[in-house]
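# Residue-level structural notes
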Amino acid sequence: MINFVLPKGRLMKKAATVLEKIGVSVKEPEDRELIVKDDGFNWIFSRVFDVPVFVENGIDVGISGSDVIDELGADVFVPLELPFGQCRLSVITSAQKDLKIEQMTNYRIATKFPNMTKAFFSDAGIEVNVIKLHGSMELAPKIGIADAIVDIVDSGNTIRANGLKEIYKIRDVGARLIVNRVSQKTKFQEINDLVERLAGVI
Ligand code: PRP
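Residues numbered from 1 in each chain as written. Predicted model: local features only at pLDDT ≥ 70, side-chain atom pairs only at ≥ 80, totals over all residues. Heavy atoms only, no water.

Next up on the list: the sheet that holds strand β6 (residues 87-94). Taken together, the five strands give an open sheet; going across it, the order is β8-β7-β9-β6-β10, and neighbouring strands pair in mixed fashion. Each edge of the sheet is formed by a strand with only one pairing partner; in this case those strands are β8 (129-132) and β10 (164-173). Each neighbouring strand pair of the sheet contributes to a mean axis angle of 30 degrees, computed without reference to strand direction. Pairing analysis gives three bridges linking strand β7 (residues 108-111) to strand β9 (residues 148-153), with the strands arranged parallel. What sits directly across from Ala-110, in β9, is Ile-149. (Pairing = 2+ DSSP bridges. Helix = DSSP H or I, 4+ residues; strand = E, 2+ residues; numbered from the N terminus. Axes fitted to C-alpha atoms, helices over the stretch in contact; angles between N-to-C directions.)

Right under this line is the structure:
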């Protein structure tokens, strides 16, 4: 039995599609169901930011965005990069301003990714004030609580719709298969078989 955690949200359908290709069908949760037992798997459905936490703390396998894994500094084994969820973590400002990173000293930056944001500006030698939010970052400049945001950009529709523009890409992001470090040893056969079959179809 493999305990497998999937993120609720935009990665879930794509994760299920890849697993389908190796003959593993994810039984999606009904209503408020959070765990579904199926042959060989316990499917667990969690918040995006909890997937690496669950895997670090004992759930065998999960699928998570690299943004969340890196932000949390999760101590998990990452055997595979998956071919979906590609996007980028970027610095975003009002589309009306023509700003460079170097001009952002003492800016208030709203983000769901405070650790990566602080590390980025600190490495660039620029002092900023980071404001942690849990979603809808694009609101922050509009309502005047931040001067810029650090957020995920995929199609760019969200920033365009909110009069914002991307001024600097901090890093590329994509989906990853992650494995608990103890399970990697105690369930080696089952997990290795899953990783090899996935690697064969991606
Ligand atoms: C992310 C991000 C942006 C949006 C960008 O939010 O925070 O809001 O996607 O995508 P786009 O460039 O294709 O418009 P997500 O939907 O992951 O969830 P959130 O609103 O909870 O942050």
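Ranked by internal contacts, the top residues of the largest apolar core, which has 28 residues, are Phe-4, Leu-6, Leu-19, Trp-43, Ile-63 and Leu-177. Elements supplying a minimum of two residues to this core: β1 (2-7), α1 (10-21), β3 (41-46), β4 (61-65), β11 (175-179) and α8 (188-201). In terms of residue count, α1 provides more of this core than any other element does, six residues in total. Those residues in contact with Phe-4 that sit more than four places away from it in its chain are Leu-19, Phe-41, Asn-42, Trp-43, Ile-44, Ile-59, Val-61, Gly-62, Ile-63, Leu-177 and Leu-194. If you look at the next biggest cluster of nonpolar residues, it comprises 18 residues, including Leu-99, Ile-101, Met-104 and Val-150. (Core = buried A, V, L, I, M, F, W, Y, C linked by side-chain atoms within 4.5 Å. Buried < 20%, exposed > 50% of the residue type's maximum accessible area, 1.4 Å probe, protein only. Contact = heavy atoms within 4.5 Å.)

Looking now at the pattern of salt bridges. It is possible for side chains bearing opposite charge to pair when their charged atoms get close. Taken as a whole and assessed by the stated rule, the structure comprises ten salt bridges. The partner of Asp-154 in a salt bridge is Arg-10, with the nearest N and O atoms 3.2 Å apart. Taken together, the residues span a long stretch of sequence, with Asp-154 in the loop between β9 and α6 (157-161) and Arg-10 in helix α1 at a distance of 144 residues. The partner of Lys-187 in a salt bridge is Asp-60, with the nearest N and O atoms 2.7 Å apart. Linking Lys-187 in the loop between α7 (183-186) and α8 with Asp-60 in the loop between α2 (51-56) and β4, this pair joins segments that are 127 residues apart in sequence. The exposure class assigned to Lys-187 is partly exposed, which follows from its relative accessible area of 21%. (Salt bridge = Lys/Arg side-chain N within 4 Å of Asp/Glu carboxyl O.)

Right, let's get into the pairing of strand β2 (residues 35-38). Inspection of the sheet shows β2 paired to β3 by four bridges, in the antiparallel sense. Looking at β3, one finds that Asp-38 is bridged to Phe-41. Linking β2 to β3, which pair antiparallel, is a turn of two residues; within it Gly-40 sits at a positive phi near 85 degrees.

Attention now moves to the packing of aromatic side chains. Tallied over the full model, the rule gives six aromatic pairs. Considering the side-chain rings of Phe-4 and Trp-43, the 4.9 Å spacing of their centres and the 40 degrees angle between planes classify their relative orientation as tilted. Taken together, the positions of Phe-4 in strand β1 and Trp-43 in strand β3 put the pair 39 residues apart, joining distant regions of the chain. Side by side, Phe-4 and Trp-43 carry an identical accessibility label, which is buried. (Phe/Tyr/Trp six-rings, centres within 6.5 Å; stacked < 30°, edge-to-face > 60°.)

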